[in-house]
Amino acid sequence: ALWLGGSRGRALHRRHHRLLSFGSLFIFGLQHVLSVRTGLVIAYVGLAVWGTVWLWRRKWYGLLLMGSLGLLALPFVAYRYVPSVTTKFQLTRYNWQLYQRGEIGTYSDTRRLLSYQVGWEVAQKAPWIGVGIGDLNDEQATIYTERYPEQPVMYPHNMFLTVYAGMGFLGFLSFLCFFYWPFFYKKHYQNLGWLLFYAVITLSFLTENTLFTSLGVGIYSLFHGLLLQQLLADTAKENRGMGFFVG
């Protein structure tokens, strides 16, 4: 949203550009109030990628070095001086300690870690071809019922692990090839928009089954469609510049 509001909004009327930029910044600020830890991490990683590419292309290596050092120091400064960040960090560490002791309880972090453990165990049943996406929940439920009857049955909270458990290594490799093919096709990774989009989506895959929900599919489809529209517009502009007829 920030990239669209800032970079692509320049083509709009100045008033509309300002409104779009303000809306993008408002959404970013709202994340600090409503978003969970994963959302904040993804937002700041996206900003880091954006800033790195922007400074690198302008060959401002000194500012890039200073910014990188600042990003490395930011978590420590936030932990020391921002109470909400301190609380979230301490809660995460406490949940990890509970998980190591086998105490799952009702915490979201411990349940998420348990879903990874169970998902990996299910994946080992058929590592090459998987247990089947349709049967994955049943396989998870079998282990949950036998060992963790007090816990709700959950898919692995990781898109990559879910695909691997359901489709095996061959299916997982196919998923990677088809999903990331548009990113590498004609070096789209050199485009800042594509780079930001795939960085954010990949990070979301690490903690959620993004493409298993209507919201995740909607976000993916929306921004992928906007990037494709930009690509078609740029291609048409190049063709007109070369004297080709574009119908």
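The structure this text deals with has already been given above.
None of these values were measured; they are calculated from a predicted model.

Give me the overall build of the chain: which residues, what numbers.
When helices and strands are tallied, the chain shows ten helices and zero strands. Ordered by position from N to C terminus, the α and β elements of the chain give α-α-α-α-α-α-α-α-α-α. In the chain, which comprises 247 residues, the proportion classed as buried is 32%. Pairs at least 24 residues apart make up 55% of the contacts formed inside the chain by residues separated by at least 6 positions. Accessible surface, the chain as shown: approximately 15800 Å² in total, 68% of it carbon and sulfur.

Give me the lowdown on the pattern of salt bridges, citing residues and values where you can.
Within this structure, the stated rule accounts for four salt bridges. Here Glu-103 ties to Arg-101 by a salt bridge, and the two come within 3.4 Å at their closest N and O atoms. On the basis of relative accessibility, which here comes to 51%, the residue Arg-101 falls in the exposed class. Across the pair Glu-139 and Lys-125 runs a salt bridge, and its minimum N-O distance is 2.8 Å. Here Lys-125 lies in the loop between helix H6 (108–123) and helix H7 (133–147) and Glu-139 lies in helix H7, a separation of 14 residues in the sequence.

Mind laying out the nonpolar core, listing which residues take part and the relevant values?
Membership of the largest hydrophobic core comes to 31 residues, with the highest contact counts inside it found for Val-118, Phe-175, Phe-179, Tyr-198 and Phe-205. Looking at this core element by element, the count peaks at eleven residues for helix H8 (residues 159–184). Beyond its immediate chain neighbours, meaning those up to four positions away, Tyr-198 contacts Phe-179, Tyr-180, Pro-182, Phe-183, Tyr-220 and His-224.

Describe the side chain of Ser-115, naming the residues involved and giving the relevant values.
Looking at the secondary structure, you find Ser-115 in helix H6. Separated by 2.6 Å, the side chain of Ser-115 and the backbone oxygen of Arg-112 make a polar contact. The residues touching Ser-115, leaving out its near neighbours within four places in the chain, are Gln-140, Tyr-144, Met-154, Tyr-155, Pro-156 and His-157.

Report on the packing of H6 against H8, specifying residues and quantitative values.
Running from N to C, H6 and H8 point in directions that differ by 30 degrees, and their axes come no closer than 8 Å. Considered as vectors, H6 and H8 are oriented roughly parallel to each other. In this structure, H6 crosses over H8, and the sense of that crossing is left-handed. Where H6 abuts H8, its residues Tyr-116, Gly-119, Trp-120 and Ala-123 lie against Leu-161, Tyr-164 and Ala-165.

I'd like to hear about the side chain of Asp-109, residue by residue, with values.
Looking at the element boundaries, Asp-109 is found in helix H6. A polar side-chain atom of Asp-109 sits 3.0 Å from a polar atom in the side chain of Asn-95.

So, a nonpolar patch on the surface: which residues are in play, and what are the values?
A surface patch of nonpolar side chains, about 540 Å² in accessible area, is lined by Val-77, Tyr-79, Tyr-81, Val-82, Val-85 and Phe-89. If one sorts the elements of the nonpolar patch by residue count, helix H4 (residues 61–81) sits on top with three residues. Relative to the assigned elements, Phe-89 resides in helix H5 (residues 83–100). Judged by its relative accessible area of 43%, Phe-89 falls in the partly exposed class.

What counts as what
Residues numbered from 1 in each chain as written. Predicted model: local features only at pLDDT ≥ 70, side-chain atom pairs only at ≥ 80, totals over all residues. Heavy atoms only, no water. Helix = DSSP H or I, 4+ residues; strand = E, 2+ residues; numbered from the N terminus. Buried < 20%, exposed > 50% of the residue type's maximum accessible area, 1.4 Å probe, protein only. Contact = heavy atoms within 4.5 Å. Areas by Shrake-Rupley, 256 points an atom, 1.4 Å probe, with all protein chains shown as cover. Salt bridge = Lys/Arg side-chain N within 4 Å of Asp/Glu carboxyl O. Core = buried A, V, L, I, M, F, W, Y, C linked by side-chain atoms within 4.5 Å. Polar contact = N/O pair within 3.5 Å; in protein donor to acceptor, adjacent residues only side chain to side chain. Axes fitted to C-alpha atoms, helices over the stretch in contact; angles between N-to-C directions. Parallel < 35°, antiparallel > 145°, perpendicular 65-115°, else oblique. Left-handed = near helix turned anticlockwise from the far one by under 90°. Patch = residues over 30% accessible without salt bridge, like charges linked within 9 Å, V, L, I, M, F, W, Y side chains within 5 Å.

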